[in-house]
Amino acid sequence: MNKLMKNKSLILMIISIITLVLLIFVPFTVNRYIYSIIISLMITALLGQSWNLMSGYAGQFSFGHATFFGLGAYTSTYLYTTFDISPWLGMICGMLVAAFVGIIIGYLSFRYKLRGDFFALVTLAFAELFRVLFNNLPTFGGAMGILLKLPLEDNIWMYEFTKYESYYFVILILVILATVFIYFLSKNRFGLNLIAIKTNINAAGALGVNVLGNQLLAMAISASIAAAAGTFYAQYYGFIDPTVVFESDISVRAIVPCIIGGSGTAFGPLLGALVIVPLQEICNSLFEGVGGLNMILYGVLIVVFVLFCPEGITGLIRKVIAKRKGILK
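These numbers were taken from a predicted model, which means no experiment stands behind them.

### Regarding the overall build of the chain
Helices and strands together make up the secondary structure of the chain, namely 14 helices and two strands. In terms of overall size, the chain behaves like a compact globule, its C-alpha atoms giving a radius of gyration of 20 Å where 329 residues would be expected to give roughly 20 Å. Structurally, the chain occupies a C-alpha span of about 60 × 50 × 40 Å along its principal axes. Here the chain, with 329 residues, has 49% of them falling under the buried criterion. A fraction of 76% describes how many contacts in the chain between residues 6 or more apart in sequence connect residues 24 or more apart. As displayed, the chain offers around 16,500 Å² of accessible surface, 70% of which is attributable to carbon and sulfur atoms. The chain carries 20 positive and 13 negative side-chain charges, and their two centres are separated by 23 Å.

### With respect to the packing of aromatic side chains
Evaluated as defined, the whole model comprises 26 aromatic pairs. Ring geometry for Tyr 35 and Tyr 168: centres 6.1 Å apart, planes at 45°, overall tilted. With a gap of 133 residues between them, Tyr 35 in helix 2 (residues 32–57) and Tyr 168 in helix 6 (residues 164–187) connect regions that are remote in the sequence. By relative accessible area, which is 0% here, Tyr 168 ends up buried. Its guanidinium or amino end placed over the ring of Tyr 112, Arg 111 lies 5.8 Å from that ring's centre, counting from NZ or CZ.

### Comments concerning the pattern of salt bridges
The final tally for this structure, using the stated rule, is one salt bridge. For Glu 128, the salt bridge goes to Arg 131, with nearest N and O atoms at 2.9 Å. Here the residue Glu 128 and the residue Arg 131 both occupy positions in helix 5 (residues 116–135), the gap between them amounting to three residues, near one helical turn. Relative accessible area serves as the criterion here: at 31%, Glu 128 is assigned to the partly exposed category. Classification of Arg 131 as partly exposed rests on a relative accessible area of 22%.

### Some words on helix 4 (residues 87–110)
End to end, helix 4 covers 33 Å across 24 residues, agreeing with the expected 34 Å (1.5 Å per residue, within 8%). Taken together, the buried positions of helix 4 are Pro 87, Gly 90, Met 91, Gly 94, Ala 98, Ala 99, Val 101, Gly 102, Ile 105, Gly 106, Ser 109 and Phe 110.

### A word on the nonpolar core
Ranked by size, the top nonpolar core spans 81 residues in total, and within it Ile 171 and Phe 232 carry the most contacts. In terms of residues, this core owes the most to one element, helix 2, which gives 14 residues. Listed in part, the five residues of the second largest apolar core include Ile 197, Ala 204, Val 209 and Val 211.

### Observations regarding unusual backbone geometry
Phi is positive for Asp 84, close to 60°, though the residue is something other than glycine. Relative to the assigned elements, Asp 84 resides in the loop between helix 3 (66–83) and helix 4. The class of Asp 84 is exposed, set by a relative accessible area of 52%. If you check the backbone angles, Lys 113 has positive phi at about 60° while not being a glycine. Mapped onto the fold, Lys 113 is located in the loop between helix 4 and helix 5. Judged by its relative accessible area of 62%, Lys 113 is exposed.

### Let's talk about the packing of helix 3 against helix 9 (residues 211–237)
How two helices sit against one another is set out by the angle between their axes and by the gap between those axes. Taken N-terminus to C-terminus, the directions of helix 3 and helix 9 make an angle of 50°; their axes are 6 Å apart at the nearest point. With respect to helix 9, the element helix 3 is oriented oblique. In the crossing of helix 3 with helix 9, the sense of the turn from one axis to the other is right-handed. Here helix 3 contributes Phe 68, Phe 69, Gly 72, Ala 73, Ser 76, Thr 77 and Tyr 80 to the contact with helix 9, which in turn contributes Met 219, Ala 223, Ala 226, Ala 227, Ala 229, Gly 230, Thr 231, Tyr 233, Ala 234 and Gln 235.

What counts, and where the lines are drawn
Position numbers for residues start from 1 in each chain and track the written sequence from start to end. The predicted nature of this model means local features are confined to residues of pLDDT at least 70 and side-chain atom pairs, given and counted, to a pLDDT of 80 or more, with totals for whole chains, interfaces and linings taken over all residues. Side-chain measures here rest on the full set of heavy atoms in the structure, leaving out hydrogens and waters. Helix and strand labels come from DSSP, where a helix needs a run of H or I of at least four residues and a strand needs a run of E of at least two; each type is numbered from the N terminus. In this description the radius of gyration comes from C-alpha coordinates, and the expected globular size is given by 2.2 Å times residues to the power 0.38. A simple rule labels every residue: compare its accessible area, found with a 1.4 Å probe on the protein chains alone, to the largest value its type can have, and call it buried under 20%, exposed over 50%, or partly exposed in between. By the convention used here, residues are in contact when the closest approach between their heavy atoms is within 4.5 Å. Note that accessible areas follow from Shrake-Rupley with a 1.4 Å probe, and for residues the cover is restricted to the protein chains shown. For the purpose of counting charges, residues Lys and Arg are taken to be positive, whereas Asp and Glu are taken to be negative. His and the chain ends are not included. Here the site of a charge means atom NZ of a Lys, CZ of an Arg, CG of an Asp or CD of a Glu. What counts as a ring pair is set by centres within 6.5 Å for rings of Phe, Tyr and Trp (its six-membered ring), and what kind of pair is set by the plane angle: stacked under 30 degrees, edge-to-face over 60, tilted for all other angles. Throughout this description, the term charge over a ring refers to an Arg CZ or Lys NZ atom that lies within 6 Å of the ring centre and within 35 degrees of the ring normal. Salt-bridge detection follows one rule: a side-chain nitrogen of Lys or Arg within 4 Å of a carboxyl oxygen of Asp or Glu. Multiplying 1.5 Å by the residue count of a helix minus one yields the expected span of that helix. What makes a nonpolar core is a set of buried Ala, Val, Leu, Ile, Met, Phe, Trp, Tyr and Cys residues whose side-chain atoms join them at distances within 4.5 Å. Structural elements are reduced to axes, namely lines fitted to C-alpha atoms, with helices fitted over the stretch in contact, and the angle between N-to-C directions of any two is expressed from 0 to 180 degrees. Relative orientations are named as follows: roughly parallel for angles under 35 degrees, roughly antiparallel for angles over 145 degrees, roughly perpendicular for angles from 65 to 115 degrees, and oblique for any other angle. Whether a crossing is left-handed or right-handed is set by the direction in which the near helix is turned from the far one by less than a right angle, anticlockwise for left-handed and clockwise for right-handed.

As structure tokens, then:
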């Protein structure tokens, strides 16, 4: 078994290095259409990592990550357009705001033992609450949203770039940092506590694990990662409104890559995003003009993977390696 784990780690390391090298050269070798797909893939992967920590490791199924994504987008954009504060600082503020809201949602839920479907409904309700709230607040642009000025020159401090390659490397670094952070987090005491809570919350509490404290910390970190994704979205696309950044589709984009790639694994969301985003683009090209096709695709893929591959792609890879080594019959 130890030999299997070493081989698995070596394979993952080699794949990661090769993938990283390829990703570095991507913006210089593809056209703008492919480039836009890759950006969408990266945003989806970052959202997936944010959901993965809360739901994949801690076992609390969230259906409202659009709340944190939208708060990150609006906080940085509002500070930037109103007070000319750097979006980098705005991103940090947005992450803190999202973490604070996440702790409130988590405390109200976990303190009164809302789990499973009930917790999912609470998070969904908060996402809708913020969508309606921001839709009716003129201070934040209301239903019209907020439009950012078009950058005329590169300004790293103000998160303004004239070349798409610069945005690509920003989101690439964010995804790498989130993945590495979650990977090492899953190996320390905090990560093991989350896994214990997910496996059996009552047993974890009986063994001395601070269940509420660990859940709230996971919620805060998860929310802050989603907020960082929201800030990047706002800066890259240059426009936000409540129907976009607080839309339930954002929450679904956070969930699907984890289910397909394998929740509770550091590389699962990356593999899931690598599958779902290109497949979605192919379907949109083949069935142009069919509204809601992406949601249909998400639903079909979730059903297929839940029924036939419940542990996702990473689980399938793990089983294949185990069978080749003769561990599984």
